[in-house]
Amino acid sequence: MSQDIDKRPSGMANFNEDRCNFALAVARRAGADLADAAVAGGRSTSVKVRLGNVIEVVQSRDQGLSVRVMVKDKDGIKTATTSTSDLGDDAIERLVTTAVAMAKRTAADPFAGPPEAGFEPIEGAPADLQTWDEKLARFDPDRAVQMALATEAAALSVDPRFTNSEGGEMSWGYSELHVTDSRGHGRSKRATSVSLWT
């Protein structure tokens, strides 16, 4: 399974949840008693200008799955953790199956396990902190260049003695995260961010 993170900034939560649920299902089939999974992804872009010229435009994307599997034992719980950036079905199947096999061979830890009762989401607590701006998630690099140029120009215009500059830069991006465990707890969050300086 392959999906372009840039084509679904507003719908990535569903993809993340699906990948977590798939990983948990594989863990159960492989013999894990408990498991939790998290999928995170995002994109960041920055543009830098200096003295009216564009110096660089940099964009990075990331996406990954992390899984913890737990196998109960008379002496405690045996655990293993693993992660991957390949979110296809076959890759997750191999990765999680191997993790469960590893857990079965580790020493039991009497202090390992899922979060204790009482750490579930608080009833009535706001689930959406309104940290997402769809326009910012789809911000245009050309517009960012113009804003960085204008910011630098405004700083240089303050005093005619200002003849040099370290430049102007604008950075922005988004991130999304979904966490699920085998006991049915799950939560998603997403956020955008931006900075502009000269």
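Shown above is the structure to which this text applies.
Quantities reported herein were computed from a predicted structural model and do not represent experimental measurements.

S.K.: Quick question: what am I supposed to make of the overall build of the protein here?
M.R.: Counting its secondary structure elements, the protein contains four helices and five strands. In the protein, the succession of helices and strands from N to C terminus is α-β-β-β-α-α-α-β-β. In terms of overall dimensions, the protein is more spread out than a globule: its C-alpha atoms have a radius of gyration of 23 Å, far above the 16 Å expected for 198 residues. With the principal axes as the frame, the protein shows a C-alpha extent of 75 × 40 × 30 Å. Across the 198 residues of the protein, 37% fall into the buried class. When contacts within the protein are restricted to residue pairs at least 6 apart in sequence, long-range pairs at least 24 apart make up 70% of them.

S.K.: What am I meant to see in the packing of aromatic side chains here?
M.R.: Geometry of an aromatic ring pair is reported as the spacing of the ring centres plus the angle between the planes. If you walk through the whole model with that rule in mind, you get two aromatic pairs. A centroid spacing of 5.4 Å and a plane angle of 70 degrees characterise the contact between Phe 139 and Trp 172, whose relative ring orientation is edge-to-face. Residue Phe 139 is located in the loop between helix 3 (134-137) and helix 4 (141-156), and its partner Trp 172 is located in strand 4 (residues 168-181); the two are separated by 33 residues in the primary sequence. The pair Phe 139 / Trp 172 is uniform in exposure class, with both members buried. Between the NZ or CZ atom of Arg 19 and the centre of the ring of Phe 22, over which it lies, the distance is 5.0 Å.

S.K.: Teacher, can you tell me more about the pattern of salt bridges here?
M.R.: Where side chains of opposite charge bring their charged atoms close, a pairing between them can arise. Using the criterion set out here, one finds nine salt bridges in the structure. Lys 74 is the partner of Asp 75 in a salt bridge, and the nearest nitrogen-oxygen pair spans 3.2 Å. Residue Asp 159 pairs with Arg 161 through a salt bridge whose shortest N-O separation is 2.7 Å. One salt-bridge network, held together by shared partners, links Asp 18, Arg 19 and Asp 89.

S.K.: Is there a simple way to explain unusual backbone geometry in this structure?
M.R.: Trans peptide bonds make up the majority, and among non-glycine residues the majority have a negative phi. Phi at Leu 51 takes a positive value of approximately 55 degrees, unusual for a residue other than glycine. Mapped onto the elements, Leu 51 comes out in the loop between strand 1 (34-50) and strand 2 (53-73). Look at Leu 51 and you get partly exposed, because its relative accessible area is 38%.

S.K.: What exactly am I supposed to notice about the nonpolar core here?
M.R.: Nonpolar side chains in soluble globular proteins tend to be buried together. Core analysis: the largest hydrophobic core is formed by 22 residues, its most contacted members being Ala 23, Ala 37, Leu 65, Val 67, Val 69 and Val 96. Of all elements in the fold, only helix 1 (12-30), strand 1, strand 2 and helix 2 (89-104) reach the threshold of two or more residues within this core. The dominant element in this core, judged by the number of residues it contributes, is helix 1, at seven residues. Val 69 has contacts with Ala 27, Ala 32, Leu 34, Ala 35, Lys 78, Thr 79, Ala 80, Val 96, Ala 99, Val 100 and Ala 103, leaving out every residue within four places of it along the chain. Among the nonpolar cores identified, the runner-up in size contains 10 residues, and Leu 136, Ala 144, Ala 148 and Leu 149 belong to it.

S.K.: Looking at this structure, how should I read helix 2?
M.R.: Quick reminder: α-helices carry 3.6 residues per turn. Residues three or four places apart thus point the same way. Given a rise of 1.5 Å per residue, 16 residues ought to cover 22 Å, and the 23 Å separating the end C-alpha atoms of helix 2 matches this to within 8%. Buried within helix 2 we find Ala 91, Ile 92, Leu 95, Val 96, Ala 99, Val 100 and Ala 103. Viewed end-on, helix 2 has its buried residues packed into an arc of 155 degrees, placing them on one side of the element. Among the exposed residues of helix 2, those pointing more than 90 degrees away from its buried face are Asp 90 and Arg 94.

S.K.: Can you walk me through the pairing of strand 4 in this structure?
M.R.: Regular strands have side chains that alternate between both faces of the sheet. Taken across its 14 residues, strand 4 has 10 buried, putting it largely inside the fold. Of the pairings in the sheet, the one linking strand 1 to strand 4 comprises 14 bridges and is antiparallel in character. Note on strand 4: the bridge partner recorded for Ala 38 is Val 179. Here 12 bridges tie strand 4 to strand 5 (residues 186-197), and the two strands are oriented antiparallel to one another.

Parameters at a glance
Note on numbering: residues in each chain are counted from 1, in written sequence order. Under the rules for a predicted model, residues below a pLDDT of 70 receive no local features and side-chain atom pairs below 80 are neither given nor counted, while totals for whole chains, interfaces and linings still include all residues. With hydrogens and water stripped out, all remaining heavy atoms of the structure feed into the side-chain values. Helix and strand assignments follow DSSP, with helices taken as H or I runs no shorter than four residues and strands as E runs no shorter than two, numbered in order from the N terminus. C-alpha atoms define the radius of gyration, and 2.2 Å times the number of residues to the power 0.38 defines the globule rule. For every residue, the accessible area (1.4 Å probe, protein chains only) is compared with the maximum for its type, and the residue is labelled buried under 20%, exposed over 50%, or partly exposed between those bounds. Whether two residues are in contact is decided by their heavy atoms: any pair within 4.5 Å suffices. Only rings of Phe, Tyr and Trp enter the pairing, Trp through its six-membered ring, and a pair is recorded when the two centres are within 6.5 Å. The plane angle decides the type: under 30 degrees is stacked, over 60 is edge-to-face, the rest tilted. Over a ring means this: the NZ of a Lys or the CZ of an Arg is within 6 Å of the ring centre and within 35 degrees of the ring normal. Think of a salt bridge as a Lys or Arg side-chain nitrogen and an Asp or Glu carboxyl oxygen that are within 4 Å of each other. Here, the term nonpolar core denotes a set of buried Ala, Val, Leu, Ile, Met, Phe, Trp, Tyr and Cys residues that are joined through side-chain atoms within 4.5 Å. Between the first and last residue of a helix there are one fewer steps than residues, each counted as 1.5 Å, and that sum is the expected span. Note that the arc is computed from the directions linking the helix axis to the C-beta atoms. Strand pairing is assigned whenever DSSP identifies at least 2 bridges connecting the two strands.

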